[in-house]
Every structure is written in C-alpha cells, then in structure tokens.
Amino acid sequence: MRHLDLADLDSVRAFADGLHADHRRLDVLINNAGVMAPPRSLSAQGHELQFACNHLGHFALTGLLLDLLTAGHDPRVVTVSSVNHRKAKIRFDDLMGERSYSPMGFYNQSKFANAVFGRELHLRLTRAGSPVRSVLAHPGYTATNLQTSAPIGLWRVVFGTIGNPLLAQAPADGALPQLYAATDPNAESGQFIGPDGMAELRGGPTRVELAPAAADGATGRRLWELSERLTGVRFVIPACA
C-alpha cells in the first residue's frame, strides 16, 4: 500500500521514485483512478481536475514506470475508460474549461482522453517492438461511490440515487473487464474490453469497439504531444527487457 494522488504530478513522481527504489520490475499497471462530475476545480499544477486526475496523472505515471514494466513478466498497461468516451472529444481550444464548463462534459472528455491514450500507447509500443501490451477496459455501469461522492445536484440523483440501485452491477462484476485485460492470455494489445450486456452496461468481459474518433491518428498524436508538455514526462520506449 502506497499513497498516490493522481491529480498531483508531484505525487506521481514521488510514487514512481519510490517504486524504482524498491523494485526492479513491474508486471501490471492498471490506470484506474477517477473523479466524476465535480464543480470546476483545478489540480495542484493548475489543470482542470478531471483531466488532471483521469488522464494526465495516468499518462505521467505510465511514462515514469515504463522501464520497470519493460522488465516485467508479460507486462501490461490497462487504461480504464468508459462508455461515455463515445459522447466526447478533446476541447483543445478550452481544455481547462475556462470559458465554458460542464461537469459531465469534462468527465466525458477525460474518458475520451483515456481511450485515445491507450490506443496511441499501443501503437507506439508496437512500433518499438516493446513487450508491453496496452489494453483498454471499461467497467460498464457499476455501483460504486464514484456516482455519489463527486457529482453535484441532479447528476448525483440521476447516477447515484436512481441509477445505482436500478441499472448498475456489483463492483466485483464491474472489475472483471479490467482483470481480464490485466491477466488473460487472450487479451491483446490495442483491444478494448467491456461488459457483454445491453449497451455495455453490465455483463461478462468481451471485446468492444472504440469510438472512431478515439482511433483518429491525428488526435492521438496531438493529445500525446500536449500531455508531454503539460506533465513534463517524455516516454522512452525500450524495445526489450
């Protein structure tokens, strides 16, 4: 157990330094932290909180730990997105919501960024001949406190009070797509794993499709370059352990 605040890049660097001090290899990294639909607020580095925690922190952590993962056994990076990534795009002209902010809109943007990052990481790892797999996953609609702790007003009622009891699946079931992506030999780099039920809200893990916009190469490269600039982390991708 270690303390890590994904919304604070200083905390991310300290966490990565601690792992380097104590370990020579890592086998799995699951990028699973998330905050959903809070009032507009900023991270320690001045970035919109949802983009900072859900995307930038994971981007930086993955880059800082990639050397340990490359030395791992069947190493994988699992980045957790959402069905909501299909509703979004990157607002490159107002990334931090300074001109206009929607709690759910910026949550969806962060989940779209997760999807774009996971695919772009897969492409870069594959080109470099890296043994690390980049697999995407999403938990469907899962009854956790994500829906009740951060959202405000009507969103908390819709998702937490009504949605969780009526539509959501148990957390143990929602974890299955991530566990499949992290451990199953058949989970391939570049795949997106989610529930197999109606609208991907619940069910067993299966391969699902990314939104076409999340697979756009130009968007992937632009987000990658922006993320490097905002985090100060540049990926060095070794070809082998």
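Look up a bit, the structure's there.
None of the values given here were measured: they were computed from a predicted structure. (Residues numbered from 1 in each chain as written. Predicted model: local features only at pLDDT ≥ 70, side-chain atom pairs only at ≥ 80, totals over all residues. Heavy atoms only, no water.)

This paragraph deals with the nonpolar core. Grouped together as the largest cluster of nonpolar side chains are 27 residues, with contacts concentrated most on Leu65, Leu69, Leu121 and Phe235. Contributions of two or more residues to this core are made by α1 (9-22), α2 (49-70) and α3 (103-128). Sort the elements by how many residues they give to this core and α2 lands first, with nine residues. Those residues in contact with leucine 69 that lie beyond four places of it in its chain are Leu26, Asp27, Val28, Leu29, Pro75, Arg76, Val77 and Val132. Leu56, Ala88, Ile90 and Leu210 belong to the second-largest nonpolar core, a separate cluster that totals 18 residues. (Core = buried A, V, L, I, M, F, W, Y, C linked by side-chain atoms within 4.5 Å. Buried < 20%, exposed > 50% of the residue type's maximum accessible area, 1.4 Å probe, protein only. Helix = DSSP H or I, 4+ residues; strand = E, 2+ residues; numbered from the N terminus. Contact = heavy atoms within 4.5 Å.)

This part takes up the pairing of strand β1 (residues 28-31). Where burial is concerned, the two faces of β1 differ: the one with Leu29 and Asn31 is buried and the one with Val28 and Ile30 is not. A crossover links β1 with its parallel partner strand β2 (residues 76-80), the connecting element being α2, and its sense is right-handed. (Right-handed = clockwise from strand over helix to strand, strands pointing away.)

Attention now goes to the packing of aromatic side chains. Centre-to-centre distance and the angle between the planes together describe a pair of aromatic rings. For the structure shown, the criterion picks out seven aromatic pairs. Residues phenylalanine 59 and phenylalanine 235 carry aromatic rings whose centres are separated by 4.8 Å and whose planes lie at 55° to one another, so their mutual orientation is tilted. Linking phenylalanine 59 in helix α2 with phenylalanine 235 in the segment after α8 (217-231), this pair joins segments that are 176 residues apart in sequence. Residue class for phenylalanine 59 comes out buried when judged on its relative accessible area of 1%. Each member of the aromatic cluster is reached from another via a ring pair, and the members are Phe59, Phe117, Trp224 and Phe235. Directly above the ring of phenylalanine 92 sits arginine 222, whose terminal nitrogen or CZ lies 3.9 Å from the centroid. (Phe/Tyr/Trp six-rings, centres within 6.5 Å; stacked < 30°, edge-to-face > 60°. Lys NZ or Arg CZ within 6 Å of the ring centre and 35° of its normal.)

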